[in-house]
Amino acid sequence: DGPSVAIVGVTGAVGQEFLSVLSDRDFPYRSLKLLASKRSAGKSLTFEGHDYTVEELTENSFENVDIALFSAGGSISKKFGPIAVERGSVVVDNSSAFRMDEKIPLVIPEVNPEAMEHIKLKSGKSALIANPNCSTIICLMAATPLHRRAKVTRMVVSTYQAASGAGAAAMEELEQQTREVLEGKEPTCKIFKQQYAFNLFSHNAPILSNGYNEEEMKLVKETRKIWNDMNVKVTATCIRVPVMRAHAESVNLQFENPLDEDTAREILSNAPGLVVIDDRTANYFPTPLEVSNKDDVAVGRIRRDASQDGNYGLEIFVCGDQIRKGAALNAVQIAEKLL
Ligand code: 2RA
């Protein structure tokens, strides 16, 4: 019989996607506990033919829970993650709370499964595993297979990030603003202080003293941790664009060893969780709409970096669903590795 599973933050966009992914992948849970804030507690929810009542998250929520999937913000993870671990659960945390803790594995199952191989269910040694940030997951799904072959020395990322990364309310605001602008009305700006529809702007994460924002530094730091390479040079510019739920990222890679574009394309074509969309004749490449609600990350625009001599530089363009592979699917794939 399978594990008992709890979902913390079940009413949020990622929480709902946890349920979709568990169902799509026939995850063999023995029992399911749906947890949320006091405000959401008591809501009824039907899932896979069973009626559930959302329960209020408390310190006693984790008795006999084998796997706890968290996506309720960093403060909830900081408070209740350790409690769940102490009660014997293995926690998969989608927040940023523990990602850079050196004792906590930061895992993309297709990329660095070895980082969590010491963690087993019901071993008496429960643990917490951190889900990387969505823009990190989507980028590294494509960059890592190439890194493994030719060793990336420098990565430059420009992201085009969807509304979903800022939550369901941001998606609703984008839709509302789009209607308002088309109707000649003043756009309603509550989530973002500036117009979002028909516009784009620097990612809304706080700006740090070095002039980067937190989203950009997550890409830098998480890449170094996941690749276990503190020397790789990473820089990023993260932009919020008027797209609903899939991120796009332009990635420039510099290698220690030569890697030509045909070999790169072949490596990416054989990499798990990736689909190559790279039709130059038809000018057909990855788009956010095409990857939305899908598991695979799409990669295209694979070409030699023409600013470099030889085959030491490569350009690629990547798209991935932020809620799915960028959060819920990756977390459930981590849980599958515990089975
Ligand atoms: C964003 N990475 O897209 C964040 C979501 N966690 O804003």
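Residues numbered from 1 in each chain as written. Predicted model: local features only at pLDDT ≥ 70, side-chain atom pairs only at ≥ 80, totals over all residues. Heavy atoms only, no water.

As annotated in an unreviewed UniProt entry, the protein chain is aspartate-semialdehyde dehydrogenase from Forsythia ovata. For the record of the protein chain, the UniProt heading Sequence similarities (unreviewed entry) holds the text "Belongs to the aspartate-semialdehyde dehydrogenase family." Listed in UniProt under the heading Catalytic activity (unreviewed entry), the comment for the protein chain reads: "L-aspartate 4-semialdehyde + phosphate + NADP(+) = 4-phospho-L-aspartate + NADPH + H(+)". (UniProt positions renumbered as here; feature names shortened; annotations may be inferred.)

This paragraph deals with the site of the ligand. Taken together, Asn133, Cys134, Gln161, Gly165, His203, Glu215, Arg240, His247 and Gln322 make up all the residues around the ligand. Within the side chain of His203, one N or O atom sits 2.8 Å away from an oxygen atom of the ligand. A distance of 2.5 Å separates a nitrogen atom of the ligand from a polar side-chain atom of Glu215. If the ligand stood free it would expose 240 Å²; the protein chains cover 81% of that surface. Each residue belonging to the shell around the ligand can be placed in one class, and the counts come to one nonpolar, six polar and two charged. (Near = heavy atom within 4 Å. Polar contact = N/O pair within 3.5 Å; in protein donor to acceptor, adjacent residues only side chain to side chain. Areas by Shrake-Rupley, 256 points an atom, 1.4 Å probe, with all protein chains shown as cover. Nonpolar A, V, L, I, M, F, W, Y, C, P; charged D, E, K, R; others polar.)

Moving on to the environment of Val299. Along the chain, Val299 falls in strand S14 (residues 297–304). Residue class for Val299 comes out buried when judged on its relative accessible area of 0%. For the pair Val299 and Val111, spaced 188 residues apart in sequence, the C-alpha to C-alpha distance is 16 Å. The contacts of Val299, once residues within four sequence positions are left out, are Ala142, Leu268, Leu274, Val275, Val276, Ile277, Pro286, Ile316, Phe317 and Val318. (Helix = DSSP H or I, 4+ residues; strand = E, 2+ residues; numbered from the N terminus. Buried < 20%, exposed > 50% of the residue type's maximum accessible area, 1.4 Å probe, protein only. Contact = heavy atoms within 4.5 Å.)

We now examine the pattern of salt bridges. Once their charged atoms are close, side chains differing in charge can pair, the charge on each being opposite to the other. The final tally for this structure, using the stated rule, is 20 salt bridges. In this structure, Glu17 engages Arg324 in a salt bridge whose closest nitrogen and oxygen atoms are separated by 2.8 Å. Here the residue Glu17 occupies a position in helix H1 (residues 13–24), and Arg324 occupies one in helix H8 (residues 324–336), the gap between them amounting to 307 residues. Residue Glu110 is joined to Lys325 by a salt bridge in which the shortest nitrogen-to-oxygen separation is 2.9 Å. Of this pair, Glu110 sits in the loop between strand S7 (90–93) and strand S8 (128–130) while Lys325 sits in helix H8, placing them 215 residues apart in sequence. When its relative accessible area of 25% is taken as the criterion, Glu110 is described as partly exposed. Shared partners join several salt bridges into a network, and the residues in it are Glu17, Asp24, Arg25, Arg245, Asp295, Asp321, Arg324 and Glu336. (Salt bridge = Lys/Arg side-chain N within 4 Å of Asp/Glu carboxyl O.)

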